[in-house]
Amino acid sequence: MTETASSARPQRPQFRNINIFTDVRTYRLPPAGWVSILHRVSGVLMFVLMPFIIWMFDTSVSSELSFARFKAAFNVGLGWVPGWFLKLVVLALMWAYLHHFIAGLRHLWMDVSHDAVSKQFGKTSAITVLVLSLGLTLVLGLKLFGVY
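Small disclaimer: the values here were computed from a predicted structure and weren't measured.

Novice: Can you walk me through the overall build of the protein in this structure?
Specialist: A count of helical and extended segments in the protein gives 6 helices and 0 strands. In the protein, the succession of helices and strands from N to C terminus is α-α-α-α-α-α. For 148 residues, the compact-globule estimate of 2.2 N^0.38 gives 15 Å, and the protein exceeds it by more than 25% at 23 Å. Burial analysis of the protein (148 residues in total) assigns 25% to the buried set. A sequence separation of at least 24 residues applies to 66% of the contacts in the protein between residues at least 6 apart. When the accessible surface of the protein is summed, it comes to about 11,300 Å², and 68% of that surface belongs to carbon and sulfur atoms. Computed over 13 positive and 6 negative side-chain charges, the separation of the two mean positions in the protein equals 8 Å.

Structure follows, in structure tokens:
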């Protein structure tokens, strides 16, 4: 190839890793990336709060007296922890479960269906996961805080 033919070509883009100090403010993560990161965050959140989940289950099903103590914990608090804070923790757990479950179904569908492995399906399914998990969390959160 001659030198003039090779210089007429446009420069190819260079793909490098992003720098945490300079690029992270301007980098736009695609929806599938957000779903992937939040899937990991929700899994860690559920794992870390597993003792609280076990306490809630045990207290709610042991006896009528323990169920009354369970309800009182969410109304007036538990020791030095106010009831509204317990409700926020449960709201975070609800989001974590819903997001992890719906994103897991998305990943399973992409494993099963060859048509689901495309850029367009990845974007639309990621947006669907985000909307469904946040929407269901909002509906259940309103019920948790006694709006309806």
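Anyway, onward from the coordinates.
Novice: Would you mind going over the packing of helix α2 (residues 31-48) against helix α3 (residues 50-61) with me for this structure?
Specialist: Helices that pack against each other are described as a pair by the angle of their axes relative to one another and the distance between those axes. As a packed pair, α2 and α3 sit with axes 4 Å apart at the nearest point and diverge in direction by 55°. What the angle tells us is that α2 and α3 run oblique. Only M50, P51 and I53 of α3 make contact with α2, whose side of the interface consists of M46, F47 and V48. Along the lines of polarity and charge, the residues of the contact of α2 with α3 split into 6 nonpolar, no polar and no charged.

Rules and cut-offs
Starting afresh in each chain, residues are numbered from 1 along the sequence in its written order. Only residues with pLDDT of at least 70 get local features here, since the model is predicted, and only at 80 or more are side-chain atom pairs given and counted; chain-wide, interface and lining totals rely on the full set of residues. Based on all heavy atoms of the structure, the side-chain values leave hydrogens and waters out of the count. Runs of H or I in DSSP of at least four residues are treated as helices and runs of E of at least two as strands, each being numbered from the N terminus. Every radius of gyration here is taken over C-alpha atoms, with the globule rule written as 2.2 Å times N^0.38, N being the number of residues. Categorising residues by exposure relies on relative accessible area from a 1.4 Å probe, with only protein chains included: less than 20% of the type maximum marks a residue as buried, more than 50% marks it as exposed, and the intermediate range marks it as partly exposed. Note on contacts: a residue pair is in contact if any heavy atoms of the two residues lie within 4.5 Å. The Shrake-Rupley method, run with a 1.4 Å probe, gives the accessible areas here. Residue values count only the displayed protein chains as cover. In this charge count, Lys and Arg are treated as positive and Asp and Glu as negative; neither His nor the chain ends contribute. A charged residue contributes its charge at one atom only: NZ of Lys, CZ of Arg, CG of Asp or CD of Glu. The axes are straight lines fitted to the C-alpha atoms, using for helices just the contacting stretch, and the angles between their N-to-C directions are given from 0 to 180°. The labels follow the angle: roughly parallel below 35 degrees, roughly antiparallel above 145, roughly perpendicular from 65 to 115, and oblique for the rest. In this classification, Asp, Glu, Lys and Arg are treated as charged, Ala, Val, Leu, Ile, Met, Phe, Trp, Tyr, Cys and Pro as nonpolar, and every other residue, Gly included, as polar.

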